[in-house]
Amino acid sequence: MEDLNNDFKVKDISLHEWGRKEIELAEVEMPGCMATREKYKEQQPFAGKKISGSLHMTIQTAVLIESLNSLGAEVRWCSCNIYSTQDQAAAAIAKADTGKVFAWKGLTLNEYWWCTLKALTFPDGSGPDSIVDDGGDMTIMLIEGMKWEKKYKEKQELPDPESVTGDDEKALYQFYREVIPQDPERFHRLSKNVKGISEETTTGVHRLYQLSKKKLLPFVAINVNDSVTKSKFDNLYGCRQSVIDGVIRATDVMLAGKKVLVCGYGDVGKGCAQAFKDNHAVVYVAEVDPICALQACMEGFQVKRIETVVQDIDIFITATGNKGIISVAHMEKMKNNAIVGNIGHFDNELDMAGLKAYPGIKRIEIKPQTDRWVFPDGHGIIILADGRLLNLGCSTGHPSFVMSNSFTNQILAQISIHDPNSTYQNG
Ligand code: NAD
Ligand code: ADE
């Protein structure tokens, strides 16, 4: 682990040449980002601005970081998932010093929140002028942090990790317990100059709407996900390619003839279902929304409740953005070596906590991010990326061309946040 000047932290800086060569290939495949660099290069819309990002630290994200930097921004970055960093991409950015990166593949949850805080904290102790977020964790770290600082000041109260359910949230609460007493003004200070955030994904947008409804969103927020050139391309065509890439890199399984259940037939689910169909698998869809269910029928997929097919399915993919989609009761009924993966943003679509707590269960690591979980009766199931998004955990996410669309939207959103003529309202 490199920790030079304490102002970046990557797995192995010597990977930078490899990362740079891949970034150069990606630039050719990311014409939107490169054209945006060219168009605004004289104007330098981010001159003097500090931007923090929490978004999978891949080769494509390196092109985004260098686009923001080339338009004047001082950039600090972390990944929004513990398994999604491409270490060569992080090394190339750290080496070129086009952004300060705090990311490596295989973070612990404590390291994850540490990296997020480092990406938010500029050398003079101030926070960013704007945030690029993917899933909302960076935004929520600030908002919840301010809430707990207030409680700490008023009543010396600190968050209790046992009061929340998910591992990520428990780790965040534990992290606050360490850092708030050290500096009870920190999250207020880091939030002070934030003019706006641009949010990348469906789940992050849902979280922002929830905050906004409760009047707890103190920033301007731009919904990048719902741009047609994001959700109707990245979520659909990106997942159509990267879901297969993830399953194959993890398991090398033959897809033709296999029975696949895709849970959720929104943009991501549509891409996944089509991908397995194109690979000659027999595809079933589970969907709660009647219109999406009908769309699945119209594409020739059989719409089924998971309970009615669980024993026959070879590959399960969750793509709902909702929680509790595959329970342990489902898992114990699955075939030997059924493959179970999630491509939604968070890890709670599969009940991983329940699986880990199953009496007598054994976890056998086949390789990083591919585990066989063996039940006491001897049959096992293969879980991808510990239930976290499999296309970034087991593979390298979407290809550059589709990410160019998403990230051009991100750059334009950031330009509009910093446009002095913008009249956006907070929240
Ligand atoms: P979406 O809202 O378009 O689709 C989700 C679908 O799931 C909806 O049709 C909904 O009715 C259905 N659904 C919800 N609860 C369900 C349940 N209990 N059973 C069956 N179906 C259910 O969302 P999307 O844009 O497709 O995104 C899905 C998830 O994928 C989100 O978490 C998003 O953030 C994430 N995402 C991941 C990637 C990636 O690269 N891994 C890319 C884009 C989005
Ligand atoms: N989301 C899906 N694929 C991605 C990629 N390659 N880089 C960043 N975010 C992503």
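What you see is a predicted model; the values in this text were computed from it and never measured.

A. Representation of the pattern of salt bridges in the model. Scanning the model with the defined rule gives 21 salt bridges in all. Measuring nitrogen to oxygen at the nearest pair gives 3.9 Å for the salt bridge that ties glutamate 27 to arginine 37. You can see glutamate 27 sitting in helix α1 (residues 16-29) and its partner arginine 37 sitting in helix α2 (residues 31-39), a full 10 residues away along the chain. For arginine 37, a relative accessible area of 15% corresponds to the buried category. For the salt bridge of aspartate 97 with lysine 100, the shortest nitrogen-to-oxygen distance reads 2.8 Å. Residue aspartate 97 is classed as partly exposed on the basis of its relative accessible area, which comes to 44%. Several salt bridges converge on common partners, so that one network encompasses Lys356, Arg363, Asp371 and Asp386.

B. Representation of the pairing of strand β12 (residues 362-367) in the model. Among the 6 residues that make up β12, 0 are buried, leaving the element largely open to the surroundings. Both β12 and strand β13 (residues 370-374) contribute to a ladder of 5 bridges, which runs antiparallel. If you follow arginine 363 over to β13, its bridge partner there is tryptophan 373.

C. Fine view of the sheet that holds strand β14 (residues 380-384). Pairing is mixed across the open sheet formed by 8 strands, whose spatial order is β9-β8-β7-β10-β11-β14-β13-β12. Edge positions in the sheet fall to β9 (302-303) and β12, since each of these pairs with one other strand and no more. Contacts from helix α10 (residues 228-251) reach β10 (315-318), β11 (338-342), β12, β13 and β14, with the element oriented near 130° to β14.

D. Highlighting the sheet that holds strand β5 (residues 196-199). The parallel open sheet is built from 6 strands, whose spatial order is β3-β2-β1-β4-β5-β6. Among the strands making up the open sheet, the edge pair consists of β3 (100-102) and β6 (220-223). Strand-to-strand twist of the sheet, defined as the mean angle between neighbouring strand axes without regard to direction, takes the value 15°. Where strand β1 (residues 50-54) meets strand β2 (residues 74-78), 5 bridges bridge the pair, whose relative direction is parallel. Counted as the bridge partner of lysine 50 is glutamate 74 from β2.

E. Up close: the layout of surface pockets. Looking at the largest pocket, its volume works out to about 1,400 Å³. Considering the residues around the largest pocket, the lining is formed by 44 residues, among which Gly166, Glu169, Arg207, Phe346 and Asn348 are closest to the centre. Elements with a minimum of two residues in the lining of the largest pocket: α5 (109-120), α6 (137-155), α7 (167-182), α9 (202-213) and α15 (352-356). Of the residues that constitute the lining of the largest pocket, the class distribution is 17 nonpolar, 12 polar and 15 charged.

F. Summary view of helix α17 (residues 400-418). With 19 residues, α17 ought to run about 27 Å at 1.5 Å a step, and its terminal C-alpha atoms sit 26 Å apart, in line with that. Counted residue by residue, α17 has 16 buried out of 19 residues, so it is predominantly covered.

G. Examining empty space enclosed by the protein more closely. In this structure the tally under the stated criterion is 1 cavity of 30 Å³ or more. By volume, the largest cavity amounts to about 80 Å³. Lining of the largest cavity is provided by 13 residues; of these, Cys80, Asn81, Asp168, Phe346 and Arg388 occupy positions nearest its centre. Tallied by class, the residues present in the lining of the largest cavity amount to 6 nonpolar, 3 polar and 4 charged.

H. Region of the structure containing the packing of α6 against α9. In contact at an axis separation of 10 Å, α6 and α9 are set at 25° when each is read in the N-to-C sense. Between α6 and α9, the interaxial angle falls into the category roughly parallel. Between α6 and α9 the crossing geometry is left-handed. On α9, the residues touching Asp137, Thr139, Ile140 and Ile143 of α6 are Arg207, Leu208 and Leu211. By residue class, the composition of the contact of α6 with α9 is 4 nonpolar, 1 polar and 2 charged.

Reading the values: rules and limits
- Residues numbered from 1 in each chain as written.
- Chains lettered and ligands numbered in written order.
- Predicted model: local features only at pLDDT ≥ 70, side-chain atom pairs only at ≥ 80, totals over all residues.
- Heavy atoms only, no water.
- Salt bridge = Lys/Arg side-chain N within 4 Å of Asp/Glu carboxyl O.
- Helix = DSSP H or I, 4+ residues; strand = E, 2+ residues; numbered from the N terminus.
- Buried < 20%, exposed > 50% of the residue type's maximum accessible area, 1.4 Å probe, protein only.
- Pairing = 2+ DSSP bridges.
- Contact = heavy atoms within 4.5 Å.
- Axes fitted to C-alpha atoms, helices over the stretch in contact; angles between N-to-C directions.
- 1 Å grid on protein atoms, 1.4 Å probe; cavity = no way out; pocket = protein on both sides within 12 Å on 5 of 7 lines; lining within 4 Å.
- Points joined across faces, edges and corners; volume = space filled by probe spheres on them.
- Nonpolar A, V, L, I, M, F, W, Y, C, P; charged D, E, K, R; others polar.
- Expected span 1.5 Å × (residues − 1).
- Parallel < 35°, antiparallel > 145°, perpendicular 65-115°, else oblique.
- Left-handed = near helix turned anticlockwise from the far one by under 90°.

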